[in-house]
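Spelled out, the chains give:
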Amino acid sequence: MQNILPKEFYEKHDTLTLSKLLLGCTLVHESPEGRTAGIIVETEGYLQGDPACHAYRKKSVRNAPMFESPGTCYVYLIYGMHYCVNISSGAKDIGEAVLIRALEPTEGIELMQKRRKTNDLKNLCSGPAKLVQAMGITLDFNFLTLDSEEFHCLASTNHDFSIVTTTRIGITQGADLPYRFYIEGNRFVSRK
């Protein structure tokens, strides 16, 4: 049996710690079209009280998954055209999440290429909207827990890497906070 990260993994770590611990883990989607998977190589943390966090003001229909127990999927639309996937990370009723920013594709590469309409391996999952498209993640994933058969994370088998801590990308508020983390030297990171 695969080493699927249990619910307790998400529950016992704060958001920034979880953002780092997810690096090296493998995100898996078992879809009717086939299995796709990739190693998480870049994340961003979003905390309560953080002006860039979707839950900064209050709970809404859009951000409700962020307030569920840790390990719950939160998918949202940006710029009216792209989806991003997050993992809720605060205690229940505390709106926090980890954005998955980039993956290193490992399985189902042909299916990812078909979904992304590109054969460029580096361009399949090197950004939050790209990886959602490549992995076949939709709004229907909202409220799924990441320990399901269909969608889950596998524990990392490689811990031999350094983590770069830096500021987040594509935001205006809270842009100076060092809440972005990536595997040093990995070519699938969205931006250095």
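A. Examining unusual backbone geometry more closely. The phi torsion at Asp93 lies on the positive side, around 75°, for a residue other than glycine. With respect to the secondary-structure elements, Asp93 resides in the loop between strand E4 (82-88) and strand E5 (97-107). Phi at Phe143 takes a positive value of approximately 75°, unusual for a residue other than glycine. By the secondary structure assignment, Phe143 is in the loop between helix H4 (128-135) and strand E6 (151-154). On the basis of relative accessible area, Phe143 is assigned to the partly exposed category, the value being 45%.

B. Structural context of the side chain of Arg115. Tracing the sequence through the fold places Arg115 in helix H3 (residues 109-116). One polar contact links Arg115 to Ser31, side chain to side chain, over a distance of 3.2 Å. Each residue touching Arg115, except ones within four places of it in the same chain, is listed here: Ser31, Glu33, Thr36, Gln133, Ala134, Met135 and Gly136.

Here is what the cut-offs are and how they apply
Sequence order as written defines the numbering, with residues in each chain counted from 1. Two thresholds apply to this predicted model, a pLDDT of at least 70 for residue-level local features and 80 or more for giving and counting side-chain atom pairs, whereas whole-chain, interface and lining totals are computed over all residues. Calculation of side-chain values draws on the structure's entire complement of heavy atoms; hydrogens and water are dropped beforehand. Working definition: helices are DSSP H or I runs of at least four residues, strands are E runs of at least two. Numbering for both runs from the N terminus. Under the scheme applied here, a residue whose accessible area is under 20% of the maximum for its type counts as buried, over 50% as exposed, and between as partly exposed, the area being computed with a 1.4 Å probe on protein chains only. Under this definition, polar contacts are N or O atom pairs within 3.5 Å; protein pairs additionally need one hydrogen-donor-capable and one acceptor-capable atom, and for neighbouring residues in sequence, both atoms have to be side-chain atoms. Any two residues whose heavy atoms approach within 4.5 Å at even a single point are treated as in contact.

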